[in-house]
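Remarks on the overall topology
The lines below spell out each chain.
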Amino acid sequence: MSYNGVIERYREYLPVTENTPIVTLKEGNTPLINAAHLSKLMGGDFQVYLKYEGLNPTGSFKDRGMTVAISKACEDKATAVICASTGNTSASAAAYAAKSNLKCIVLIPKGAIALGKLSQALAHGALILAVDGNFDAALDLVREITQKYPVTLVNSLNPYRIEGQKTASFEICDCLGTAPDFQVMPVGNAGNITAYWKGYKEYNAKGKITKLPKMLGFQAEGAAPIVRGHPVKNPKTIASAICIGNPASWKRAEQARDESGGLIDMVSDAEILQAYKLLAAKEGIFVEPASAASVAGLLKLAKNNYFIKHQTSNIKQPIRIVCILTGHGLKDPDRAIKTIKPPKVVKANMKAVLKEIGY
Ligand code: F0G
């Protein structure tokens, strides 16, 4: 059977009708990968899975929400869309707007988004404005513009974005045949944790699953407003995607945390980079730094025996933990080059090359 994107697959759960023109790049259907090395590191009967959202058409999970937001914008006869972004939302909005012939405007924090993401928005022909300020300032501007002018907001404040993004939790449940025990994910503007939790609750209400996972969110230490309990004025982290000081969906993230009996904690840039390298070197998965925050969080909690202490099921079966890997490593190639040893230069002769290989 051919695959036609998340709207077609999960239509009954989404706010679309036969009048909605579906704009899709066949997003979703991303693999849930068994992480053997990480599972072993957990030191018990654990099965860790990685939901590799970097394999979406524009390289991040944003495409799931964008297909719904842009389809609905077209249904509503919009002519232009706008977003503030740390990079991935702008890449996704630009691609889906290009596909549907909508004008796309993106506001990015000047000098603070990864090269791959900027190149995508440029290539798809968006009007890109680099704001001399951070993401939070850009989002404030965009909110005000959309209240006054006929342009559709496609940040996750747009409820259609959340609707689309919740399909990732459906996929996880469909793949496992049950909900996981724990889900670990990065938190930035907090739309994604809101979306996953909504998805799990809807599947539970429909009887597709019979338990709910504990939601474990991780912010970067220098950009951890929810953990600290107040907005962070000048957020700082190498994980530029989640460098956010005042998340739009703050309250809903706390609701997901509290209703599920989970937590929102933080990890340092050093822990993020360690997880980033481990994922690439031991699991064969290249992610951008923000995505590695989930695995950094997993390792932090494992070290504190969190999973053993919070195991809910008595049934003898491995505890299932899903880590969400939100964006592809190629989004931020500079980070790999800065973090990992550069290639060694050798003379262009056989002897020199063989010597380096060790033959
Ligand atoms: N991971 C990546 C790779 C992201 O790009 C983002 C958010 C997050 C995690 C956090 O998700 O905001 O729903 O809590 N990126 C947004 C953007 C802010 O503009 O691309 P969230």
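So, how was this worked out
- Residues numbered from 1 in each chain as written.
- Predicted model: local features only at pLDDT ≥ 70, side-chain atom pairs only at ≥ 80, totals over all residues.
- Heavy atoms only, no water.
- Helix = DSSP H or I, 4+ residues; strand = E, 2+ residues; numbered from the N terminus.
- Rg over C-alpha atoms; globule rule 2.2 N^0.38 Å.
- Contact = heavy atoms within 4.5 Å.
- Areas by Shrake-Rupley, 256 points an atom, 1.4 Å probe, with all protein chains shown as cover.
- Near = heavy atom within 4 Å.
- Polar contact = N/O pair within 3.5 Å; in protein donor to acceptor, adjacent residues only side chain to side chain.
- 1 Å grid on protein atoms, 1.4 Å probe; cavity = no way out; pocket = protein on both sides within 12 Å on 5 of 7 lines; lining within 4 Å.
- Sits in = over half its atoms within 2 Å of the grid points.
- Nonpolar A, V, L, I, M, F, W, Y, C, P; charged D, E, K, R; others polar.
- Points joined across faces, edges and corners; volume = space filled by probe spheres on them.
- Patch = residues over 30% accessible without salt bridge, like charges linked within 9 Å, V, L, I, M, F, W, Y side chains within 5 Å.
- Salt bridge = Lys/Arg side-chain N within 4 Å of Asp/Glu carboxyl O.
- Pairing = 2+ DSSP bridges.
- Axes fitted to C-alpha atoms, helices over the stretch in contact; angles between N-to-C directions.
- Parallel < 35°, antiparallel > 145°, perpendicular 65-115°, else oblique.
- Left-handed = near helix turned anticlockwise from the far one by under 90°.

Let us look at the overall build of the protein. Within the protein, the regular secondary structure consists of 16 helices and 10 strands. Here the C-alpha radius of gyration of the protein, 20 Å, is about what a compact globule of 359 residues would show, namely 21 Å. Considered along the principal axes of its C-alpha atoms, the protein spans approximately 65 × 60 × 50 Å. By sequence separation, contacts in the protein at least 24 residues apart represent 73% of the contacts at least 6 residues apart. Carbon and sulfur atoms form 54% of the exposed surface of the protein, whose accessible area is close to 15900 Å².

Before going further, it helps to spend a moment on the site of the ligand. Taken together, 21 residues lie around the ligand, and N88, N189, A190, N192 and T326 are the ones closest in. Within the side chain of K62, one N or O atom sits 2.9 Å away from a nitrogen atom of the ligand. When each cavity is represented as a set of grid points, the ligand is found to reside in the largest cavity. Of the residues assigned to the shell around the ligand, the class counts are eight nonpolar, 11 polar and two charged.

What follows deals with the layout of surface pockets. By volume, the largest pocket amounts to about 430 Å³. Of all the secondary-structure elements, those providing two or more residues to the lining of the largest pocket are strand 4 (103-109), helix 5 (115-123) and helix 15 (333-339). Here the lining of the largest pocket takes three residues from helix 15, the largest share from any one element. When the residues that make up the lining of the largest pocket are grouped by side-chain class, the tally is 11 nonpolar, six polar and six charged. L41, E271, Q274, A275, L278, A296, L299, K300 and K303 are the residues that line the second largest pocket. Listing elements by their share of the lining of the second largest pocket, those giving two or more residues are helix 12 (269-282) and helix 13 (289-303). For the lining of the second largest pocket, the residue count by class is five nonpolar, one polar and three charged.

We now examine a nonpolar patch on the surface. A contiguous nonpolar patch, built from V346, M350, V353, L354, I357 and Y359 and spanning about 610 Å² of accessible area, is present on the exposed surface. Tracing the backbone shows V346 in the loop between helix 15 and helix 16 (350-357).

Moving on, we get to the sheet that holds strand 3 (residues 80-84). One open sheet accounts for four strands, arranged 5-4-3-6; its pairing is parallel. Whereas interior strands pair on both sides, the edge strands pair on one side only; in this sheet they are strand 5 (127-131) and strand 6 (152-153). Bridge count for strand 4 against strand 5 is five bridges, and the pairing is parallel. Bridge assignment links P109 to a residue of strand 5, and that residue is V131. Of the strands in this sheet, strand 3, strand 4, strand 5 and strand 6 are in contact with helix 6 (residues 135-148), which crosses strand 3 at around 150°.

A few words now on the packing of helix 4 (residues 88-100) against helix 5. Interhelical geometry of helix 4 versus helix 5 gives an angle of 20° and a closest axis separation of 8 Å. Taken as axis vectors, helix 4 and helix 5 run roughly parallel relative to one another. The crossing of helix 4 and helix 5 is left-handed. In contact with N88, S90, A91 and A94 of helix 4, helix 5 contributes K117, Q120 and A121. Classifying every residue of the contact of helix 4 with helix 5 gives three nonpolar, three polar and one charged.

With that settled, the discussion passes to empty space enclosed by the protein. One pass over the full model with this rule turns up two cavities of 30 Å³ or more. As a volume, the largest cavity reaches approximately 330 Å³. Lining the largest cavity are 28 residues, with F61, K62, G188, N189 and A241 positioned closest to its centre. Of all elements in the fold, only helix 4, helix 7 (159-165), helix 9 (191-205) and helix 13 reach the threshold of two or more residues within the lining of the largest cavity. For the lining of the largest cavity, the residue count by class is 11 nonpolar, 14 polar and three charged.

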